[in-house]
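Read off the chains here:
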Amino acid sequence: HNEGGPIAFGKTLGEIDAICRTVNAGRWVNAPTTVGFCMYIRRDALREVGGFDAERFALGYGEENDFCLRTTALGWQHRIACDTFVYHRGSVSFGDRSAELSARAMALILERYPSYSRDIARHVGFGAMTPFRFAVTAALFREAKLPVILMVVHGLGGGVRRHVDTLIQRFADKARFLLLAASDRGASLSVPSLPDHPIVVFPADRNDELAALLRSMGVSRIHIHHLIGMDMDIRTLVHRLAVPFDVTVHDYYAICPQINLLPWRYGLYCGEPDIAGCNSCIAHPPGGQARDIVTWRGERAWQFREAERVFCPSRDVMARLRRHGLAENAVLAPHEAIEAGPWPLRITSPATGKMRIAVLGTLVDHKGARTVASVAELADPKVTQIHLIGHTDGPFSERALRRMKVTGRYDDADLPGLIETVAPHLIWFPAVWPETFSYTLSAAIEAGTAIAATLIGSHAERLDGRPFTWLADIGTSPADWIDLFDKIRVDLVAGRPNRITAKRPAVEDYYAAHYLQPPARPPASLRRIQPSRPRIAVVPERFDSGVPTPCGYIRLLQPLHHPSVDQHFQTIMTDAASVFDYDAEIIVTQRHAVPDLKTADRLAAHAKHTGAVLVFDLDDDLLDIPARHPDAKVLRPRANVVRRMLEVADHVWLSTAGLAERLSGIRPDAVVMENRLDERIWTPPVTPVSDQPVRILCMGTTTHDQDFKLIEPALLRLKAEYRDRVVIDIVGMTSQNALPPGLNRVAPSANGRRSYPGFVHWVTTVQPAWHIGLAPVLDTPFNRAKSAIKAMDYAAMGLAVVASDTPVYRGSIADGPAGVLVANSPAAWYRTLDEMIRHRDRRLATASNARAAFLGRASLASHAQIRRAAWMRVLDVRRTDAA
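Along each chain, residue indices are assigned from 1 in the same order as the chain's sequence is written. This being a predicted model, a pLDDT of at least 70 is required before a residue's local features are given, and a value of 80 or more before pairs of side-chain atoms are given or counted; all residues contribute to the totals for chains, interfaces and linings. Side-chain descriptors were evaluated using all non-hydrogen atoms of the structure, hydrogens and water having been removed beforehand.

Draft legend 1. Highlighting the pattern of salt bridges. Note on definitions: salt bridges are taken to be side-chain nitrogens of Lys or Arg within 4 Å of carboxyl oxygens of Asp or Glu. Tallying each qualifying case throughout the model produces 51 salt bridges. Asp44 is the salt-bridge partner of Arg42, the closest N and O atoms lying 3.7 Å from each other. Arg42 gets classed as partly exposed once you look at its relative accessible area, which sits at 47%. Residue burial is assigned from relative accessible area. The probe radius is 1.4 Å, only protein chains are included, and a residue is buried under 20% of its type maximum, exposed over 50%, and partly exposed in between. The exposure class of Asp44 is partly exposed, given its relative accessible area of 38%. Residue Arg56 pairs with Glu111 through a salt bridge whose shortest N-O separation is 3.7 Å. With Arg56 in helix α3 (residues 54-57) and Glu111 in helix α5 (residues 98-112), this residue pair connects regions lying 55 residues apart in the sequence. Through salt bridges with shared partners, a single ionic network connects Glu541, Arg591, Asp619, Asp620 and Lys786. Only runs of H or I of at least four residues qualify as helices and only runs of E of at least two qualify as strands under DSSP, and these elements are numbered from the N terminus.

So this is what it looks like as structure tokens:
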């Protein structure tokens, strides 16, 4: 203990030493040097090396380091005894001369040993003592017999860290706390009540080691505050520790990747649109973690559904969680308690001179930075003076800053004094997002000044009934704000409160009453009770990057998220590793989502053990991949796992009758669950004002080389004849690098390449609208198992569909309502397309019918009853078996 100060947790020197002897008995670490206040020196070393160099180093500092380095040169080692505790008050012997003597000694050491600083830094950076110090701390935690709470936070400070620090200080004598914070290298674990305690950083792949350490520390509860920037898999960590956990909602990161529900940096609150609107927002600009809103929310919903308590700082937060189906475990827990009584009011009148308007805190875009800047530029400086008690962060108008007074950064404890110094007539909160809570609003209320704020989030709730308070819409223009300020000036001068004076309502101190006395029930992730809705654990197929494949979205994620199913079931989005942490009524997986035979057998055993029904979904004949298939080398070795899943699953769902026929020898009881597209993301593109030129689209994966070769001669002939009157765009379809002149290779945007919903957004909104969609497919045994999904894509886009006259498309929407079928010959394709290009009315009529045909026959909404009934039948089988 080399820094002085009080000993940890009020312990005596003897008590700490006894713990060191117990937990670190016989343990030591090598060190480049020792420290003079407590050294044990072997007599043999003194004889060989000699004593301290008193002549060179004189009074204290440096002589023991020089001695150690001389002994090192002769082969001796220096060890720190981990089983002994020595207390050193620090810098007592030499008083005021300590700094001077220390600096002189360091200069002498470096003169003799130039690498000394580097060697010491390497030793400290390696942290050899850290495990042993944590072992002592763990023993202290266990001995205290108090709850041990792990706080999980981001590394950005702000209101999140302030709330965490408040809880740690408040319950310091009733609990012990650990802090797991996101860092650049993984997650850092610290003991916040011991500032000089070492910090250990765990890379993301060291989850098991972190869990082992936390078990040794006796962690009994986890409190998740924020996961942004957190590489460590916290869900797995929670499951491995098997302890209850809580979540505090500080913002909307788990619902919206933009965090603050803003569609773009300079925008206003988005209104929380439908999933197509959210996907569009994610696409502009791409580059963040999110690829689509369904998986973003699905991968984060576990926090709310499995937490024992979800702490909501305001009723507004609870209402927003409820809209997203995440409020089942929500409780109202404001960050600050309030006793009932009069509102604190110290209203001052701007009768003469300027009206001083203060904005508090860090002024950023979502806090209304652009509005403040515009008002500062527009307002008459002889009438209005804007004070920023805080600082700006990000781009801000220089002209506005010249008209404002800015105090700069401050410590939270200094804010009341700064408000008193500035003495504003009005404090202004122009936030454009629904604040969950605001510590600066608390300071403004306690200051007693007049307040103007936007009518959104927790502001209206916390200011309800307060006199001398004005609320305005988030869309209020700068000019309208200035008009409101003029009105407020008049009211302040007249001393007229604009609202009914009422007592300030009490706000329960939830944390005092309940924080350390949670409900007497295990968390949702551990308890085995019937939930409000049956649970479906979904294991979608994913790319190596972790992003679900298009099949994962089309067959599982979008259908399960659709209201027709979502309102009746609770979906748990998981993977082949974490699915074993759940007891769900149904487990559904597909294609190659299960990586190997061992996992397949384990999954089947897990389903049997937990009483879950295991459903396997397949949309291609992955048992019999043709040798000429472009991906045959990758897909063929995986066939044995697909076969095993077909054998062990309780139910098998297949996409087509053709596929069911091919697999009837293995699963004669398979159910055909046809493909349908989610009409919520397949929104109709804007109809082109002109059909000159006629735009033709042919799209598909690059495995369709042979199908594309079938129609390529027809396309080239059309282009040669019609020239600029026809545009032919190819998206994917063929692996050939260069297309013949006249055929345009069109690549999706960056966001369009990131996920299936991203591609849907790109193809329906970013590109110029097409008129005709092409769906060629050869009539082969493998292809006969495929579905008519390409015709659905085109029909959803409102295109006239031209498809091959093969079993795949016969009877589909391409066969009449949304298009035409054509024989598989270049000549037939040419004749059909030539006629469709020339007969405008026929083409337009077919295209206009296509969208309606999609909605009526090929959308998830049109299939809702069938899918819901299928899930209910699966559930009924489970209940029958359980009975």
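Draft legend 2. Local environment of helix α20 (residues 478-494). A rise of 1.5 Å per residue sets the reference length of α20, with its 17 residues, at 24 Å; its end C-alpha atoms lie 25 Å apart and thus fit the reference within 8%. Regarding α20, the residues found buried are Trp481, Ile482, Leu484, Phe485, Ile488, Arg489, Asp491 and Leu492. Throughout, a contact is declared for two residues whenever any of their heavy atoms are within 4.5 Å. Buried residues along α20 sit in contact with β11 (355-363), α15 (369-378), β14 (426-429), β15 (450-454) and β16 (469-472). Following α20 by one or two positions, Gly495 has its phi on the positive side, about 70 degrees. The span you would expect from a helix comes to 1.5 Å times its residue count less one.

Draft legend 3. Up close: empty space enclosed by the protein. With a 1 Å grid laid over protein atoms only, a set of points is called a cavity when a 1.4 Å probe fits there but cannot get out and a pocket when it is open yet has protein on both sides within 12 Å along at least five of seven lines; lining residues have an atom within 4 Å of a point. Grid points are joined across faces, edges and corners, and a volume is the space filled by probe spheres set on the points. All told, the structure shown has three cavities of 30 Å³ or more when counted by the stated rule. A volume near 70 Å³ is recorded for the largest cavity. If you go around the largest cavity, the residues you meet are Val375, Ala376, Ala379, Pro381, Thr384, Gln385, Ile386, Arg403 and Met404. Breaking the lining of the largest cavity down by element, the ones donating at least two residues are α15 and β12 (384-392). Residues were grouped as follows: Ala, Val, Leu, Ile, Met, Phe, Trp, Tyr, Cys and Pro as nonpolar; Asp, Glu, Lys and Arg as charged; and all remaining residues, including Gly, as polar. Classifying every residue of the lining of the largest cavity gives six nonpolar, two polar and one charged.

Draft legend 4. Seen up close, the nonpolar core. Residue types Ala, Val, Leu, Ile, Met, Phe, Trp, Tyr and Cys, when buried and joined through side-chain atoms within 4.5 Å, form a set referred to as a nonpolar core. Counting residues in each nonpolar core, the largest one holds 68 residues, and the members touching the most others are Leu150, Leu178, Leu180, Leu189, Ile222, Ile234 and Leu321. It is helix α7 (residues 130-144) that provides the largest number of residues to this core, a total of seven residues. Filtering out sequence-adjacent residues up to four positions away, Ile222 remains in contact with Leu150, Val152, Val238, Leu241, Val243, Pro244, Phe245 and Asp246.

Draft legend 5. Structural context of the sheet that holds strand β3 (residues 148-153). The strand order across the open sheet formed by eight strands is β6-β5-β4-β3-β7-β8-β9-β10, and the pairing between neighbours is mixed. Of all strands in the sheet, those with a lone pairing partner are β6 (200-202) and β10 (330-332), marking the two edges. Recorded for the sheet is a direction-independent mean angle of 25 degrees between the axes of neighbouring strands. Pairing of β3 with strand β7 (residues 221-224) involves four bridges; the strand directions are parallel. Bridge pairing in β7 places Met151 opposite His223. Between N-to-C directions, angles cover 0 to 180 degrees, with each direction set by a line fitted to C-alpha atoms, over the stretch in contact for helices. Against the sheet, helix α8 (residues 158-170) makes contact with β3, β4 (176-183), β7 and β8 (245-248), and its axis sits at roughly 170 degrees relative to β3, the strand it touches most. Together, β3, β4, β7 and β8 form the strand contacts of helix α10 (residues 234-241), whose direction differs from that of β7 by roughly 165 degrees. Two strands pair under a simple rule: DSSP has to find at least two bridges between them.

Draft legend 6. Region of interest: the packing of helix α31 (residues 826-838) against helix α32 (residues 840-858). Taken N-terminus to C-terminus, the directions of α31 and α32 make an angle of 95 degrees; their axes are 5 Å apart at the nearest point. On the basis of the axis angle, α31 is roughly perpendicular to α32. Together, Glu835, Met836, Ile837 and Arg838 of α31 and Arg840, Arg842 and Arg843 of α32 make up the contact between the two elements. In terms of residue class, the contact of α31 with α32 is built from two nonpolar, no polar and five charged. The labels follow the angle: roughly parallel below 35 degrees, roughly antiparallel above 145, roughly perpendicular from 65 to 115, and oblique for the rest.

Draft legend 7. Fine view of the side chain of Arg591. When you line up the elements, Arg591 lands in the loop between β19 (586-590) and α24 (597-610). A relative accessible area of 15% means that Arg591 is categorised as buried. Under the rule applied, a polar contact is a pair of N or O atoms within 3.5 Å (in protein, one hydrogen donor and one hydrogen acceptor; residues adjacent in sequence only if both atoms are side-chain atoms). A distance of 3.1 Å separates a polar atom in the side chain of Arg591 from a polar atom in the side chain of Glu541. Side-chain polar atoms of Arg591 contact the side chain of Asp619, separated by 2.7 Å. Each residue touching Arg591, except ones within four places of it in the same chain, is listed here: Glu541, Cys551, Phe616, Asp617, Leu618, Asp619, Asp620, Leu622 and Val642.

Draft legend 8. Main features of the environment of Leu268. Within the fold, Leu268 resides in the loop between β8 and α11 (275-283). The contacts of Leu268, once residues within four sequence positions are left out, are Leu261, Leu262, Pro263, Val432, Ile474 and Gly475.

Draft legend 9. Broad picture of the sheet that holds β15. Taken together, the six strands give an open sheet; going across it, the order is β13-β12-β11-β14-β15-β16, and neighbouring strands pair in parallel fashion. In this open sheet, the two strands that pair with only one neighbour each are β13 (404-406) and β16. Averaged over all pairs of adjacent strands, the angle between strand axes in this sheet comes to 25 degrees, irrespective of strand direction. Here β11 pairs with β14 via two bridges, running parallel. When the sheet's bridge partners are listed, Ile357 is paired in β14 with Leu426. The sheet contacts of α20 involve β11, β14, β15 and β16, and relative to β16 the element is tilted by about 165 degrees.

As far as function goes, none of this settles anything; it's purely spatial.
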